[in-house]
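Listed below, chain by chain, are the residues.
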Amino acid sequence: MEQITKEYKLGKTVVRALRGLDMEIAAGETVAIMGPSGSGKSTLMHILGALDTPTGGTATIDGADLQHLRENQLVTLRGKKIGFVFQTFNLIQTLSALQNVELPMIFQGLPRSERARRAKDLLGRVGLADRVRHKPNELSGGERQRVAVARALANDPEIILADEPTGNLDTESGSSILALLKGLSVNDGKTVILVTHDPEAAEIADRVILLRDGCVSAEGRAGGEVTDAPSPGSNPGGRHVGEDAGVSAEGGDEGDSHA
Ligand code: ADP
Ligand code: MG
């Protein structure tokens, strides 16, 4: 993401949700995006997932400049390369767990028998082998989110985007979802990008990126130092390494991750 801006126009008001954001995420990384409500996290996730286009700047996924892709190319990119997990699960209530997981494979034209086999396999991997026939309202919150993770994996995407995946879960279910996401990175080499308020999530991430007012305000690597991002205007001198940002991507010994 290079100098990404996103403006929403509401009548005469313009909301500047992203204001010249720069970030680069490597294949296979697990990145936690944190920041106060309204700082632009979901807007950024929509752009990362090619669900929305920026107002300005350049967004590139795996070498493809999103602004220069046609709508059908974007659909293919989203369908094959990216899996989404949402805070509110977004499962289809009238479909079973199995059918929910099969749905993205239908859009990619997978034959019926292969769909069912693969969906069962994925539900097994998220620990729900004995829940395939259950509908979302017959599952706990944690189980629903597991179905959503299985659905995100349906087309074996390289990138998993999760926007506050533990936001509606109790601590224990939340931890197991985080462990599941971490496993996708460690065992399957997926790139996992999650938005979270959960300090525990910072522990599973290789890197924490902190947003504030539509820009990256700080980032920290696991076991490394914290770097304040250069902020135009207030910090023209550029980067400095500081103890003031207080973000730690590792361990619990530095407490919560606020800046
Ligand atoms: P976060 O996910 O960090 O809470 P968002 O990306 O949802 O932040 O929102 C960033 C800013 O953009 C907020 O001020 C929000 O009100 C505004 N915003 C988000 N989506 C829209 C939209 N579709 N139309 C208008 N304003 C929006
Ligand atoms: Mg949000």
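**Q** Please give an account of the sheet that holds strand S2 (residues 13-21) that cites residues and values.
**A** A sheet is described by the order of its strands in space; here three strands give the open sequence S2-S1-S4, paired in antiparallel fashion. One side of each edge strand has no neighbouring strand; the edge strands of this open sheet are S2 and strand S4 (56-58). For this sheet the average axis-to-axis angle between neighbouring strands, irrespective of direction, equals 20 degrees. Summarising the sheet, strand S1 (residues 2-10) and S2 pair through seven bridges and their orientation is antiparallel. Note that in S2 the partner of Lys6 across the bridge is Leu18. Sitting on the sheet, helix H1 (residues 41-48) touches S1 and S2, and the angle it makes with S2 is about 65 degrees.

**Q** Mind laying out the packing of helix H5 (residues 141-152) against helix H6 (residues 171-188), listing which residues take part and the relevant values?
**A** Two packed helices can be described by the angle between their axes and the distance between those axes. Packing of H5 against H6 brings their axes to within 9 Å, and their N-to-C directions diverge by 15 degrees. In terms of orientation, H5 lies roughly parallel with respect to H6. For the pair H5 and H6, the crossing hand works out as right-handed. Each of Gly141, Gly142, Gln145 and Val149 in H5 lies in contact with H6, whose residues at this interface are Ser173, Ser176, Ile177 and Leu180. In terms of residue class, the contact of H5 with H6 is made up of three nonpolar, five polar and no charged.

**Q** An account of the environment of Ala97 is requested, with residue identities and associated values reported.
**A** Mapped onto the elements of the fold, Ala97 is located in helix H3 (residues 97-107). Between the C-alpha atoms of Ala97 and Arg144, which are 47 residues apart in sequence, the distance is 8.3 Å. The residues touching Ala97, leaving out its near neighbours within four places in the chain, are Leu123, Leu128, Arg131, Val132, His134, Leu139 and Val147.

Thresholds applied
- Residues numbered from 1 in each chain as written.
- Chains lettered and ligands numbered in written order.
- Predicted model: local features only at pLDDT ≥ 70, side-chain atom pairs only at ≥ 80, totals over all residues.
- Pairing = 2+ DSSP bridges.
- Helix = DSSP H or I, 4+ residues; strand = E, 2+ residues; numbered from the N terminus.
- Axes fitted to C-alpha atoms, helices over the stretch in contact; angles between N-to-C directions.
- Contact = placed C-beta atoms within 7 Å.
- Parallel < 35°, antiparallel > 145°, perpendicular 65-115°, else oblique.
- Left-handed = near helix turned anticlockwise from the far one by under 90°.
- Nonpolar A, V, L, I, M, F, W, Y, C, P; charged D, E, K, R; others polar.

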